[in-house]
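As a plain string of letters, each chain reads:
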Amino acid sequence: MTQTIKTEPLTAEAFAPFGEILEAVGEPDKLINQGLCGRYHDLAALDFTGSDARAGVSLFLSQKRTLPYTLDMVERHPLGSQAFVPMTQEPFLVVVCPDEDGRPGRPRAFITQPGQGINFFRNTWHGVLTPLSDPGLFCVIDRIGNGDNLEEVWFETPYRIEPA
């Protein structure tokens, strides 16, 4: 029997065990470019292991998904954090799971607000990139380097993610 997960808004408090929200809210940390640009400084703790590891910036163009959404797999990256920064003002679905003795626990599903991106902490169980509109264009900042940085777990019984 499929279990249902209801989406919730993405907030810093709810997402804190899994990562950071990247967004420009409140007053910027400083003004630059002759006062014409606000800088929201150092919003993500990029975390990469390995002597050859470095941050890489890639563009991902993902197909749009719809709710309800069937979640049958999650993944994690044991060697590095991973940030998803949308290149549109459209919301996307973010799925995370607590770690329970090396396995994913019950998923939580968040819907971003326009302008929000996320940075998953290293080793956080999460769903795949899931845009809810076209184009699903994202800047992804993650670890480039040697080593096995991907672990996937397929659920015996998928979850059904529905809007709140």
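Residues numbered from 1 in each chain as written. Predicted model: local features only at pLDDT ≥ 70, side-chain atom pairs only at ≥ 80, totals over all residues. Heavy atoms only, no water.

Caption draft 1: Quick look at the overall build of the protein chain. Looking only at helices and strands, one finds one helix and 16 strands in the protein chain. Over its C-alpha atoms the protein chain spans a radius of gyration of 16 Å, differing by no more than 12% from the 15 Å that the globule rule assigns to 164 residues. The C-alpha extent of the protein chain, read off along each of the three principal axes, is 60 × 40 × 30 Å. Classification of the 164 residues of the protein chain by burial places 40% in the buried group. Taking contacts inside the protein chain between residues at least 6 apart in sequence as the whole, the part at least 24 apart equals 81%. About 9,000 Å² of surface is accessible on the protein chain, with carbon and sulfur atoms providing 50% of the total. (Helix = DSSP H or I, 4+ residues; strand = E, 2+ residues; numbered from the N terminus. Rg over C-alpha atoms; globule rule 2.2 N^0.38 Å. Buried < 20%, exposed > 50% of the residue type's maximum accessible area, 1.4 Å probe, protein only. Contact = heavy atoms within 4.5 Å. Areas by Shrake-Rupley, 256 points an atom, 1.4 Å probe, with all protein chains shown as cover.)

Caption draft 2: Molecular detail of the environment of Arg 76. In this structure, Arg 76 sits in strand β6 (residues 69–76). Separated by 49 residues in the primary sequence, Arg 76 and Trp 125 place their C-alpha atoms 4.6 Å from one another. Aside from chain neighbours lying at most four places away, what touches Arg 76 is Asp 99, Gly 102, Asn 123, Thr 124, Trp 125, His 126, Asn 149, Leu 150 and Glu 151. A polar atom in the side chain of Arg 76 sits 2.9 Å from the side chain of Asp 99. (Polar contact = N/O pair within 3.5 Å; in protein donor to acceptor, adjacent residues only side chain to side chain.)

Caption draft 3: Representation of the packing of aromatic side chains in the model. Enumeration over the complete set of coordinates arrives at six aromatic pairs. A ring pair is formed by Phe 15 and Phe 110, whose centres lie 5.8 Å apart and whose planes are at 90°; its orientation type is edge-to-face. Taken as a pair, Phe 15 in helix α1 (residues 12–15) and Phe 110 in strand β11 (residues 108–111) lie far apart in primary sequence, 95 residues in all. Accessibility classification places Phe 15 together with Phe 110 in one group, the buried group. Note on Phe 15 and Phe 120: the rings are 6.2 Å apart at their centroids and 50° apart in plane angle, and the pair reads as tilted. Pair noted here: Phe 15 is in helix α1 and Phe 120 is in strand β12 (residues 117–120), with a separation of 105 residues, a long-range link. Exposure class is identical for Phe 15 and Phe 120. Each is buried. Following the ring pairs from residue to residue traces out a cluster consisting of Phe 15, Phe 18, Phe 84, Phe 110 and Phe 120. (Phe/Tyr/Trp six-rings, centres within 6.5 Å; stacked < 30°, edge-to-face > 60°.)

Caption draft 4: Seen up close, empty space enclosed by the protein. Under the definition given, this model contains one cavity of 30 Å³ or more. A volume near 40 Å³ is recorded for the largest cavity. Taken together, Pro 86, Thr 88, Glu 90, Pro 91, Phe 92, Pro 131, Ser 133, Pro 135, Gly 136, Leu 137 and Phe 138 make up the lining of the largest cavity. The element contributing the most residues to the lining of the largest cavity is strand β15 (residues 136–144), with three residues. Each residue belonging to the lining of the largest cavity can be placed in one class, and the counts come to seven nonpolar, three polar and one charged. (1 Å grid on protein atoms, 1.4 Å probe; cavity = no way out; pocket = protein on both sides within 12 Å on 5 of 7 lines; lining within 4 Å. Points joined across faces, edges and corners; volume = space filled by probe spheres on them. Nonpolar A, V, L, I, M, F, W, Y, C, P; charged D, E, K, R; others polar.)

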